[in-house]
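Residue-level structure breakdown
Each chain, letter by letter, is given below.
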Amino acid sequence: MAVATPRRRPRRGSLERPVSGRIYRAAWIVAAVPVLVAAFSVGRPVALQQPRLPPSFDRTTAVQFARELAIRHPDRSPGSEGAREAADLVAARLRSYRFTVERQIFTASVPGRGRERFVNIIAVAPLRPQDAIARSDQTIVVMAHRDNLGASPGANDNASGTAALLELARNIGTASVSHTLVFLSTDGGAYGGLGAEHFAQSSVYANRTIAVINLDAIAGRGPPRIEFAGDTSRSPASSLVATAEASILAQAQQQPERPGAGAQLIDLAFPFTLYEQGPFIAHGTPAVTLTSGGVRPSRPTGDTLAALNAARLDELGRAAQSLLGSLDAAAEVARGTESYVYVGSRLVRGWTIQFILLTALLPFLAAT
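Residues numbered from 1 in each chain as written. Predicted model: local features only at pLDDT ≥ 70, side-chain atom pairs only at ≥ 80, totals over all residues. Heavy atoms only, no water.

1. Side note on the overall build of the protein
Threshold: Elements are defined by DSSP. Helices are runs of H or I of four residues or more, strands are runs of E of two residues or more, and each kind is numbered from the N terminus. For each residue, the accessible area found with a 1.4 Å probe, counting protein chains only, is set against the maximum for its type, and the residue is called buried under 20%, exposed over 50%, and partly exposed in between. Here a residue-residue contact requires only that any non-hydrogen atoms of the pair lie within 4.5 Å.
If you tally the helices and strands in the protein, you get eleven helices and eleven strands. Per-residue burial for the protein yields a buried fraction of 52% across its 368 residues. A separation threshold of at least 6 residues defines the contact pool for the protein, and within that pool the share at least 24 residues apart is 81%.

In structure tokens, the structure reads:
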């Protein structure tokens, strides 16, 4: 006679004993709450007021600067004679505008090249006697790297940015300003923003810098673009990005490109950028890059003077001058960094995104 085998109770979640769909659906009702919270937390960034006077940026002078740097020093790679002479050229030009100029010398490891010597040129705008009391110690930095890989003259990347920096300095040399203005010509920008990282870590101006404007490859064929990803999961103050957008729109007559919402989420989750605003944001300083390049700086072998886009250099140069004027004239500039994602003309705060992602797990946890 056969012995009856005890029947085992079906495992929960199996076909014989499925999970109640009501638990799953009820959990989604709870998960819908943060979506409503997000709807009321979406904000619109407020741009600073544009300067009343139009920019005096001179295209002819800027193009001449770019041509001079690219023709006289086509190889500005680390350790080259061109790199040393380019540093001397930029320093001499800034001194001629009565800036106080100093050199920040450092060494860093470069893959395939070993340890190399780099030189940042730090120039502080002259202080007029009548502005001595009114000028704030809070610092605004205008920055451009002057080095290249040596495979081409680097006319766009980054003789164009250096030329714009010098032209902005020429205009600001005799102007009355409210903040301390530092014009920074970095070295090692073509090798991962080494000069920007060293300045952000060790300069006496770093701790009192309230905003950074980086100029990188601004005379290319691409449309105007703003980069604001950091080397940490943070973004610059939204008012700085909004003011940069407004400045480009006013001067170039077109809305600048910026990373999409998906790309911004990836940047926040896996922080990395090849542009030099990244190290500053990682140190809590708001910084943006104005460029005509794409998602990453393009350094093709064909980066010659023939491909230099003078009109784009003029547009982004004037936009940088307008942005600098707005920051200097503002009674209060939003400091520090924050976490958000731009969606169209609005932004969603980082804490809201985290809240939504966490609560989206509730249905699966409840079913489990």
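2. A look at helix α6 (residues 238-252)
To keep it simple, the criterion reads: In a helix, the anticipated span is given by 1.5 Å times the number of residues less one.
For α6, with 15 residues, the first-to-last C-alpha span of 21 Å sits near the 21 Å given by 1.5 Å per residue. Of the residues one or two after α6, glutamine 253 is the one with positive phi, at around 60°.

3. A look at the pairing of strand β5 (residues 209-216)
Put simply, the rule reads: At least two DSSP bridges between two strands are needed for those strands to be called paired.
Most of β5 is tucked away: eight of the eight residues are buried. The pairing of strand β3 (residues 136-145) with β5 spans five bridges and is parallel. Residue pairing across strands places threonine 139 opposite threonine 209, the latter belonging to β5. Two elements, β5 and strand β8 (residues 287-291), share five bridges in a ladder whose sense is parallel. Each residue of the ladder has a partner; that of valine 212, found in β8, is alanine 287.

4. Details of the packing of helix α2 (residues 59-72) against helix α3 (residues 81-96)
Cut-off, in case you're wondering: All axes are obtained by fitting lines to C-alpha atoms, using only the stretch in contact for helices, and the reported angles, taken between N-to-C directions, cover 0 to 180 degrees. Any angle that falls under 35 degrees is termed roughly parallel, while one over 145 is termed roughly antiparallel, one within 65 to 115 roughly perpendicular, and all others oblique. Note on convention: near helix rotated counterclockwise from far helix by under a right angle means a left-handed crossing. Clockwise means right-handed.
Two elements in contact, α2 and α3, have axes separated by 10 Å at closest approach and are oriented at 155°. One element, α2, and the other, α3, form an angle in the roughly antiparallel class. Once α2 is placed against α3, the crossing between them reads as right-handed. Packed against α2, whose contacting residues are Phe65, Glu68, Leu69 and Arg72, the element α3 presents Ala86, Leu89 and Arg93 at the interface.

5. Looking at the sheet that holds β5
Spatially, seven strands are ordered β1-β2-β4-β3-β5-β8-β6 in an open sheet, and the strand pairing comes out mixed. Here the strands that pair on one side only, and so sit at the sheet edges, are β1 (100-110) and β6 (225-227). Taking the axes of each pair of neighbouring strands and ignoring which way they run, one obtains an average angle of 25° across the sheet. Strands in contact with α3 are β1, β2 (114-124) and β4 (179-186); relative to β1, the strand with the most contacts, it is inclined by about 160°. Together, β5, β6 and β8 form the strand contacts of α6, whose direction differs from that of β8 by roughly 25°.

6. Section: the environment of serine 233
Note the threshold: A 3.5 Å cut-off defines polar contacts: any pair of N or O atoms within that distance qualifies, except that in protein one atom must be a possible hydrogen donor and the other a possible acceptor, and neighbouring residues in sequence count only when both atoms are side-chain atoms.
With respect to the helices and strands, serine 233 occurs in the loop between β6 and β7 (235-236). In sequence terms serine 233 and leucine 265 are 32 residues apart; their C-alpha atoms lie 9.4 Å from each other. Not counting the four nearest positions on each side in its chain, serine 233 is found in contact with Leu268, Pro271 and Ser339. Engagement of the side chain of serine 233 in a polar contact is seen with the backbone oxygen of leucine 268, the distance being 2.5 Å.

7. Quick notes on the nonpolar core
Which entries qualify depends on this criterion: Joining through side-chain atoms within 4.5 Å is the link that ties buried Ala, Val, Leu, Ile, Met, Phe, Trp, Tyr and Cys residues into a set, and such a set is a nonpolar core.
Membership of the largest hydrophobic core comes to 65 residues, with the highest contact counts inside it found for Leu94, Phe99, Phe183, Leu215 and Leu327. At nine residues, the largest contribution of residues to this core is made by helix α4 (residues 155-172). Residues in contact with leucine 215, not counting those within four places in the same chain, are Val142, Met143, Ala144, Asn158, Gly161, Ala164, Leu165, Leu168, Leu290 and Ala320.

8. Quick word on unusual backbone geometry
Cis rather than trans, the peptide bond between aspartate 157 and asparagine 158 has omega equal to 10°. Tracing the backbone shows asparagine 158 in helix α4. Even without being glycine, alanine 217 reaches a positive phi, approximately 55°. Tracing the backbone shows alanine 217 in the loop between β5 and β6.

9. Structural notes on the packing of α3 against α4
Between two packed helices, the angle of one axis relative to the other and the distance separating the axes together describe the packing. The criterion, for reference: Gly counts as polar in this scheme, as do all residues outside two lists: the nonpolar Ala, Val, Leu, Ile, Met, Phe, Trp, Tyr, Cys and Pro, and the charged Asp, Glu, Lys and Arg.
Interaxial distance between α3 and α4 falls to 10 Å at its minimum, and their mutual angle equals 15°. Taken together, the axis directions place α3 and α4 in an arrangement best described as roughly parallel. α3 and α4 meet at a crossing whose hand is right-handed. Side by side, α3 and α4 meet where Val90, Arg93 and Leu94 of the first sit next to Thr162, Leu166 and Ala169 of the second. Its residues assigned to classes, the contact of α3 with α4 shows four nonpolar, one polar and one charged.

10. A look at the environment of valine 182
Counting through the fold element by element, valine 182 comes out in strand β4. Along the primary structure valine 182 and tyrosine 205 are separated by 23 residues, whereas in three dimensions their C-alpha atoms are 8.4 Å apart. Residues in contact with valine 182, not counting those within four places in the same chain, are Ile122, Ala123, Val124, Thr139, Ile140, Val141, Val142 and Tyr205.

11. Remarks on the pairing of strand β11 (residues 346-349)
The side chains of a regular strand alternate between the sheet's two faces. Examined bridge by bridge, strand β10 (residues 340-343) and β11 share four bridges and lie antiparallel to one another. Residue pairing for β11: tyrosine 342 is matched across the bridge by leucine 347. The antiparallel pairing of β10 with β11 creates a hairpin that spans two residues between the two strands, and glycine 344 there sits at a positive phi of about 65°.

12. A few points about the pattern of salt bridges
For clarity, the threshold we go by: Here, a salt bridge means any Lys or Arg side-chain nitrogen found within 4 Å of an Asp or Glu carboxyl oxygen.
In the structure shown here, the tally under the stated rule is twelve salt bridges. As a salt-bridge pair, glutamate 68 and arginine 72 come within 2.7 Å of each other at their nearest N and O atoms. Of this pair, glutamate 68 and arginine 72 both sit in helix α2, four residues apart, roughly one helical turn. Note on glutamate 68: relative accessible area 18%, which makes it buried. Each of Arg59, Asp314 and Arg318 takes part in a single network of salt bridges with overlapping partners.

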